[in-house]
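Below are the chains, spelled out letter by letter.
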Amino acid sequence: QVQLVESGGGLVQAGGSLRLSCVASGTSAVINGMGWYRQAPGKQRELVAVITRRGNTNYADSVKGRFTISRDNAKNTVYLQMVSLKPEDTAVYYCNCNAFVYGTGARDYWGQGTQVTVSS
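Not measured: the values here are computed from a predicted model.

A. Region of the structure containing the nonpolar core. In this structure, W36, L80, M82 and Y93 are the most contacted members of the largest nonpolar core, which totals 31 residues. Elements represented by at least two residues in this core include exactly β1 (2-7), β3 (18-26), β4 (29-39), β5 (46-51), β7 (67-72), β8 (77-82), β9 (91-101) and β11 (114-119). Top contributing element to this core by residue count: β9, with six residues.

This is the structure in structure tokens:
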């Protein structure tokens, strides 16, 4: 299995910045893609950004140019640098990864989530 733990969320004024981190841990697992999703109150969870093991990235149009996803494969960590934050960015941000676990196969794993609140 794989466990994901997010950190770095908090309260910030509009125009401010936050850096989210997610550390993956587990046994007998090879992590492939990693990404960030978010869910605002009353809305469905949506993709924010994803990154492959090779470093290829993809972003939601709403965050493109403001957010940057990166990863450190040696540390099994993925980051989300967020700048120029807007109130509409307010949501619980969830870390996600697709991992191959020996003996069970590949599947998606999710973190507990970290709250990001942007005030106007």
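Picking up where we left off.
B. Layout of the sheet that holds β8. The sheet built from four strands is open, its strands ordered β1-β3-β8-β7 with antiparallel pairing. Each having just a single partner strand, β1 and β7 make up the two edges of the open sheet. Averaged over neighbouring strand pairs, the angle between their axes works out to 15 degrees when direction is ignored. Here six bridges tie β3 to β8, and the two strands are oriented antiparallel to one another. By the bridge assignment, S21 is partnered in β8 with Y79.

C. Seen up close, the state of the cysteines. All told, the structure shown has one disulfide when counted by the stated rule. The disulfide bridge from C22 ends at C95, spanning 2.1 Å between sulfur atoms. Around the S-S axis, the bridge from C22 to C95 shows a dihedral of about -85 degrees and counts as left-handed. A residue pair is termed long-range when its members are at least 10 positions apart, and C22 in strand β3 and C95 in strand β9 qualify at 73 residues. Note on C22: relative accessible area 0%, which makes it buried. Judged by its relative accessible area of 0%, C95 is buried. The thiol of C97 is not disulfide-bonded; the next cysteine sulfur, from C95, is found 6.6 Å away.

The rules behind each value
For every chain, the first residue of its written sequence is number 1, and the numbers climb from 1 along that sequence. Given that the model is predicted, a residue must reach a pLDDT of at least 70 before its local features are reported, and side-chain atom pairs must reach 80 or more before they are shown or counted; all residues, however, enter totals for whole chains, interfaces and linings. Note that the side-chain values use all heavy atoms of the structure and ignore hydrogens as well as water. Throughout this description, the term nonpolar core refers to a set of buried Ala, Val, Leu, Ile, Met, Phe, Trp, Tyr and Cys residues connected via side-chain atoms within 4.5 Å. Exposed residues in this analysis have more than 50% of their type's maximum accessible area, buried residues have under 20%, and partly exposed residues fall in between, with area computed by a 1.4 Å probe over protein chains only. Each helix is a run of H or I in the DSSP string that is no shorter than four residues. Each strand is a run of E no shorter than two, and both are numbered from the N terminus. The rule for pairing is simple: two strands pair if DSSP sees at least two bridges between them. For helices, the fitted axis covers only the stretch in contact; all axes are lines through C-alpha atoms, and the angles between them, taken along N-to-C directions, range from 0 to 180 degrees. The criterion for a disulfide is a pair of cysteine sulfur atoms lying within 2.5 Å.

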